[in-house]
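# Breakdown of the fold
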Amino acid sequence: MFSCLCPAYAQGSLWKAIWKHLLLFIFLYYCINVVYRFFMTEEQQGIFLRYILIFDDFTKYIPLTFLLGFYVAMIVRRWWACCQLISWPDHLLFNISALIRGSDPETRIIRRTIARYAILTSVLAWRSISLRVLKRYPTDEHLVSSGLMTREELVIFKNIHVKVDPHQKWFVPVNWIQTMMVRCFEKGTLTHTNELRVLLDALEKFRNGFFQLFIYDWIAIPLVYTQVSTISVYGYFAFALIGRQYPSLNQFQQPVDIYFPVFTVLQFLFYVGWLKVGEDLMFPFGADDEDFEFNYILDRNLEVSFLIVDDLHNQVPPVYVESLKD
Amino acid sequence: MFSCLCPAYAQGSLWKAIWKHLLLFIFLYYCINVVYRFFMTEEQQGIFLRYILIFDDFTKYIPLTFLLGFYVAMIVRRWWACCQLISWPDHLLFNISALIRGSDPETRIIRRTIARYAILTSVLAWRSISLRVLKRYPTDEHLVSSGLMTREELVIFKNIHVKVDPHQKWFVPVNWIQTMMVRCFEKGTLTHTNELRVLLDALEKFRNGFFQLFIYDWIAIPLVYTQVSTISVYGYFAFALIGRQYPSLNQFQQPVDIYFPVFTVLQFLFYVGWLKVGEDLMFPFGADDEDFEFNYILDRNLEVSFLIVDDLHNQVPPVYVESLKD
Amino acid sequence: MFSCLCPAYAQGSLWKAIWKHLLLFIFLYYCINVVYRFFMTEEQQGIFLRYILIFDDFTKYIPLTFLLGFYVAMIVRRWWACCQLISWPDHLLFNISALIRGSDPETRIIRRTIARYAILTSVLAWRSISLRVLKRYPTDEHLVSSGLMTREELVIFKNIHVKVDPHQKWFVPVNWIQTMMVRCFEKGTLTHTNELRVLLDALEKFRNGFFQLFIYDWIAIPLVYTQVSTISVYGYFAFALIGRQYPSLNQFQQPVDIYFPVFTVLQFLFYVGWLKVGEDLMFPFGADDEDFEFNYILDRNLEVSFLIVDDLHNQVPPVYVESLKD
Amino acid sequence: MFSCLCPAYAQGSLWKAIWKHLLLFIFLYYCINVVYRFFMTEEQQGIFLRYILIFDDFTKYIPLTFLLGFYVAMIVRRWWACCQLISWPDHLLFNISALIRGSDPETRIIRRTIARYAILTSVLAWRSISLRVLKRYPTDEHLVSSGLMTREELVIFKNIHVKVDPHQKWFVPVNWIQTMMVRCFEKGTLTHTNELRVLLDALEKFRNGFFQLFIYDWIAIPLVYTQVSTISVYGYFAFALIGRQYPSLNQFQQPVDIYFPVFTVLQFLFYVGWLKVGEDLMFPFGADDEDFEFNYILDRNLEVSFLIVDDLHNQVPPVYVESLKD
Amino acid sequence: MFSCLCPAYAQGSLWKAIWKHLLLFIFLYYCINVVYRFFMTEEQQGIFLRYILIFDDFTKYIPLTFLLGFYVAMIVRRWWACCQLISWPDHLLFNISALIRGSDPETRIIRRTIARYAILTSVLAWRSISLRVLKRYPTDEHLVSSGLMTREELVIFKNIHVKVDPHQKWFVPVNWIQTMMVRCFEKGTLTHTNELRVLLDALEKFRNGFFQLFIYDWIAIPLVYTQVSTISVYGYFAFALIGRQYPSLNQFQQPVDIYFPVFTVLQFLFYVGWLKVGEDLMFPFGADDEDFEFNYILDRNLEVSFLIVDDLHNQVPPVYVESLKD
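As the structure is a prediction and not an experimental result, all values here were calculated from the model. Chains are numbered independently. Their residues run from 1 in the order of the written sequence. Key to labels: chains lettered from A, ligands numbered from 1, both in the order written. Local features in a predicted model are, by the rule used here, given only for residues with pLDDT of at least 70; side-chain atom pairs are given and counted only at 80 or more, and totals for whole chains, interfaces and linings are based on all residues. The side-chain figures draw on all heavy atoms in the structure; neither hydrogens nor water molecules are used.

### What about the interface of chain A and chain E?
Using the following cut-off: A contact between two residues is defined here by any heavy atoms of the two lying within 4.5 Å. Two parts placed together each lose some accessible area under a 1.4 Å probe, and the buried area is that loss summed for both. The working definition used for a salt bridge is a side-chain nitrogen of Lys or Arg within 4 Å of a carboxyl oxygen of Asp or Glu.
Contact residues are listed per partner, giving 79 residues for chain A and 76 residues for chain E. Across the interface of chain A and chain E, roughly 7400 Å² is buried in total on both sides, 70% from carbon and sulfur atoms. When the buried area of chain A at its contact with chain E is split by residue, A:F94, A:F252 and A:F263 rank highest and sum to 9% of it. In this assembly, chain A and chain E are joined by three salt bridges.

Structure, rendered in structure tokens:
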């Protein structure tokens, strides 16, 4: 029981998400409590008690669980779809390695350049979505200094003007890859139009991952839906501020006094915690703990990409016919 | 807490959606309240109080949350599927750029015309779905004056007669693109039947996006489902008009008086707000705030399309073999 | 509020679905009510009142909303999947138009015949699913007289005997289309085996739509599931007949009297209405209001099909090289 | 109302599923009832009454509906996915008919043998899943005597040894079909490697249907999930045995007596009925009423398969150029 | 009823999952119970009784069912998606067998080596996911001694250095398979670029299964979601420790005494059991009962792989033309 909670508290993910709100809630609760206990006449307490009872009753008719259940289920589904849209260059580069063959310097540099452009596309696309990637490559200069782009390429890149949405130039290196493929076909490195097609298909699949991410980023969940959920949760705890005050009456009109609203705090933990799950996952491209680690992906892709197109190209252990026994 | 509510109120999306209904509700509530408080004898009040109690009880047995949960979940799923059906010309035009090669004027104009026809298809298709696009291009004349169609093309277009559903002529430019592809194949610009196939497949994918949108537009969510939801929500608040009148009795038969029905108003905010989420998303092609911004998409597509087929065609930075170090 | 309810009542879709049941319910309700009010001694009324209270209590423990929520959600998902399985000939015929080229009479008649067979397949397949299509083409004679089939074709069609399921001959015209494609390939109209493949794929996609519809028609939702839902709803209102009788007692044992069971009627509207949503959508191929309008689809397909393969074949506005400015 | 229940009772599907459990429940109920009414002193009855009240209260806090809702929704989704995995040979055989052309005896016998092997694969695969198919073809001898396999093929089949899972030899005829396709290609009946590919793809799709069914059969729903549902339902009715005893008290402490626990029986009908929906659909390959009718499918496939590859092969009505009017 | 519970208890899956927690709960319960019954004065008992009542009330407002319903539904969906991502080599190897033809030793050894590499990929990939596979092949030496890898291949494999994620070298044998395919194409064993493409596609599909598994392993369900569920369940039973103490009062203030908290234990069984369903399925790659049996899959694949590429290669029963009767 505790073994599964403690590391969480240590890492602090639920706690970290809601502790500010929880402290505010407890502070307000005890403000009201102090007034009720010490500054009210007995008659005033009697009247206030009636309000406590009716406000407590109200909280029972706010069905937070369902609302949050439906809302968070939708957001988790969307978040998961986002996760699966991340474009990995592996498929594209395996095809490049299989079809643009040769160990001469020119073919090698073509394969390596395509791998570099694939990573460059990732950086350009994710830079306008993820804070982390933006922090790593804040300007185009950083692209050059990190070796992802040559200065010459930067000049060409800057000469392309997009007015409607100026950040949407990430597809330019995709176009360069396509042109390189076409030239390989025209030169005869690709021997059949079919091979060109295979490469174009793999490139399109690679491009589409980034494109879909922009669509997800662009078409948000309707604001009203989020507001409804937020209002319900905060409304619930606004009523609870009054309705859960002690001393109160139980169902047989006997006074009961719990000095700390332990049940309400537990509810706070899970209702506000659940709402936070939703809020965190709604913008999966920030810089928080639960967010995609785009930087790790970039490092991994960088290493694996050059491995596939260069070091592993045409590698295979020898096959010995005599090993065939039976 | 407030930081996430305030901009919403400022932008007014939830508030804007329901304020008229809310005012009407509060007005009716106080009408009844005034009659009950000031124009009834004590005996009448006693009898009325019984009705208050029983009507309040009724509201507790209308499980709005589930009903709305299931209903809105279905509509959001449908809305999201719609969003993903928007046809983007990028894939088609990248293929055009890769396979219909050449910088001679004739090949350039063919590529540019195909791009123009792709945009024209979007306008024709979306015009009969989205109010915004219709407002931008209300007549065929506007298509000519905006340069999407030549006058000659308009004449050909008008000569095609469709009787069963006269607005369904958006696929005509798709047919023109197909004919242009076939002629490129016959002339030898496309060197292999495989390349023609690639283009036909991309065109079909482009066409299918519009076609599916029409199916979504045509097959509505069953009316009974919507009515059931609407009746439940409005029925709930009709009962609440009586059942939430104050002064009332709490569970120990003590009179309580809350002068403003704060809980009922909160419920109004989220139940009617949730219903509005559903209603807004059911017709995602109107001219409201949450709707698809087709005009932005058109501008973006227009710019990117010509970029792909013309400016970026055959562009690639030079590759230097000597940069291969290791 | 009323603007969205009134047209519905006018069109009567919810009302039409349940008014008979509602009248029966109200009739039974007042029969019991009259006996209870006028034909019972006071002592009998007292005993009956106890039953009213306990039956009313029962109704609170039948969670209709969830049951109907899960049940209807499943049915709506199935219905929507059905809607998307409708086969449209557009894709097939655009491919025919692109690959079986030529304006000589023979090629034209081949394209037109393939279009006609595509429509004929729809009619044959849907006739055994949809009452409306069956009403339009009740016998094979009607196919001939409407021009979908020649008498010669009818003779061939009738000579094919299928014993296990005699109505399953709708795929015969699909076979004829396939044979025509193969002959076009053997004659050289299709110049490459690849083109034959494109056509065979499109034909398979077209065929599969009908085939899947039959699977949906054949594998029904488990009967027990439907029975559970139906019994719950009708059981609920059977208990409500007793439990919602007035005069009754409120929670403080005060007698209350509502002469018309307005809340129960509201519940009837939405529970029975919701059940009807499910029942209507479970058989989406009947002749009711919410059903697929197969006849409209047939008319639309007939017109568009011949347009694609004949009138629009090889049509494209001329391209002027001089229009290339920049 | 009754029209939709009666045939169900007649056919007895819900009734049949639960009548034994229901009778047992009613028997136990009246045993306890008789003891309570006739063999207890008044004082004992008073004490027992307290237990009735508290056990009745318990039943109100077991939320069976949701638990069953989520559980059954998952099982129905899985069941439906299973239904759609059934492999139909139509697609494969239409392709065979289109690409392995010729009416000479050898080509005809090749097409017919492929059709026979497709059916043989179905029988071998489904035999280890469905009781019905196993009952029809209990031994390999039955395959020979029904004509699905020749004695020579049986010898070859028996010589293939699979140790890990001995029943998994259903893919052997798929391998034979593949070898026949390859030989057709080597002999020149298939004129292009592309055609071989089309056939291999169709064969793979056919094979995959069976393979996926085995995965569904092999990866069961986690046992704990099923146990949780079962325990909840039976636990509920164990408490109901005490908690729904009459005479009891209503909420105003007045004694009420319903001689037959009509509400509890209704609940039994739908909760146990719903659980049975889940149990039936979890093993969709048994021999019950709701199960797949594999035998019908086999008969249908047998007839349609030979129709496609033999009788309908190369059939098409003649086309008359003069019928082209406009 | 018992027939379906007993084997479960025997196998002990639910029982095994929760018995430790259940014993702890019962122990704590009786500690409190003993204090309450025997060590409190009557007055103290009266005060404690009030807390019992209010804590019992609290438990009624924790809607565990929904929370667990939504949470477990999400996890089961994810688990099922994982199950379907397991890569099976069948499709790849059937294609190898169809396209890399020949019974000469060299071609045979190539086919067998490809099959061996496919299995080797599985072992390398699953070893870093599943404890069971790791236990079977703890070091690279075990790969050599089991015959999956030759010593020469191990040297090559060890020379490949991956820094970012050192365990991610499972794709190396996939690269070797690709190189072997390409060499078969260069040597002419594959006669057309199309055949190379078919094999590359099948290889990509095979690779993608492993790759997706790593994505599932890498992108965990948000920790907050899990914490919310865990806290709710354990919070619920913490309150139940007090709230379900006996003797207590029923709704008419009569004392009732149930010596064993039978209802609470039943609730423990299904709520904690349900939570365990979620926890088990969240890490489907451990070594527990419900986990994937990767070792069985490996054995099956090993046997079937060599069967497909070697023993069954080019096997087909002879076809007799004279068997064509009709």
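### Some words on the interface of chain E and chain D
With 77 residues of chain E in contact, the opposing surface of chain D contributes 76 residues. Summed over both partners, the interface of chain E with chain D buries about 7400 Å², with 70% contributed by carbon and sulfur atoms. On the chain E side of the interface with chain D, the three residues burying the most area are E:F94, E:F252 and E:F263, jointly 9% of the side's total. Seen at the junction of chain E and chain D, the total is three salt bridges. D:R197 is the salt-bridge partner of E:D201, the closest N and O atoms lying 3.8 Å from each other.

### Overview of helix α11 (residues 193-218) of chain A
Our working definition: Secondary structure counts use DSSP, requiring at least four H or I residues in a row for a helix and at least two E residues in a row for a strand, with both numbered from the N terminus. Helices are assigned an expected span. That span is 1.5 Å times one less than the residue count. Partly exposed describes any residue whose relative accessible area lies between the buried limit of under 20% and the exposed limit of over 50%, with all areas from a 1.4 Å probe on protein chains only and scaled to the type maximum.
Between its first and last C-alpha atoms α11(A) spans 36 Å; for 26 residues at 1.5 Å apiece the expected length is 38 Å, and the two agree. Within α11(A), 21 of the 26 residues are buried, which leaves the element mostly enclosed by the surrounding structure.

### Observations regarding the relation of the copies chain A and chain E
This is how it is decided: To line up the copies, we fit them by least squares on C-alpha atoms, keeping just the residues with pLDDT of at least 70 in both.
Mapping chain A onto chain E calls for a screw motion: a turn of 72° about the axis and a shift of 0.0 Å along it, with 0.1 Å RMSD after fitting. Here the transformation between the copies is reduced to the relation of a five-fold axis. Looking at chain A, a mere 10% of its interface residues are interface residues in chain E too, so the copies touch through different faces.

### Looking at unusual backbone geometry
The step from A:Y246 to A:P247 runs through a cis peptide bond, and the omega angle for that step is -5°. Assignment of secondary structure puts A:P247 in the loop between α12 (223-243) and β1 (248-249). For B:N314, which is not glycine, the phi dihedral falls at a positive 65°. Its place among the elements puts B:N314 in the segment after α14 (294-311).

### Some words on the packing of aromatic side chains
Under the convention used in this document: A pair of Phe, Tyr and Trp rings is counted when the ring centres sit within 6.5 Å of each other, with Trp represented by its six-membered ring. The angle between the planes then sorts it: under 30 degrees is stacked, over 60 is edge-to-face, the rest tilted. Only lysine NZ and arginine CZ atoms are considered, and such an atom sits over a ring when it is within 6 Å of the ring centre and within 35 degrees of the ring normal.
Scanning the model with the defined rule gives 140 aromatic pairs over all chains in all. Arranged with centres 6.0 Å apart and planes meeting at 45°, the rings of D:W79 and D:W80 form a pair that is tilted. Accessibility assignment for this pair places D:W79 and D:W80 in one class, buried. Lying over the aromatic face of A:F211, A:R207 brings its terminal NZ or CZ to 5.3 Å of the ring centre.

### Some remarks on the relation of the copies chain E and chain D
The transform that puts chain E on chain D rotates by 72° and translates by 0.0 Å along the axis, for an RMSD of 0.1 Å. Taken together, the interface assignments show that only 10% of the residues at the interface of chain E recur at the interface of chain D, consistent with different surfaces on the two copies.

### Let's talk about the pattern of salt bridges
One pass over the full model with this rule turns up 85 salt bridges over all chains. Across the pair D:D310 and D:R108 runs a salt bridge, and its minimum N-O distance is 2.9 Å. Separated by 202 residues along the polypeptide, D:D310 in helix α14 (residues 294-311) and D:R108 in helix α6 (residues 105-127) bring together distant segments of the chain. No difference in accessibility class separates D:D310 from D:R108, as the two residues are buried. Close ionic contact of E:D56 with E:K60 constitutes a salt bridge, the shortest N to O distance being 3.8 Å. Of the two residues, E:D56 and E:K60 both sit in helix α3 (residues 42-60), four residues apart, roughly one turn of that helix.

Don't take any of this as a statement about function, it's just geometry.
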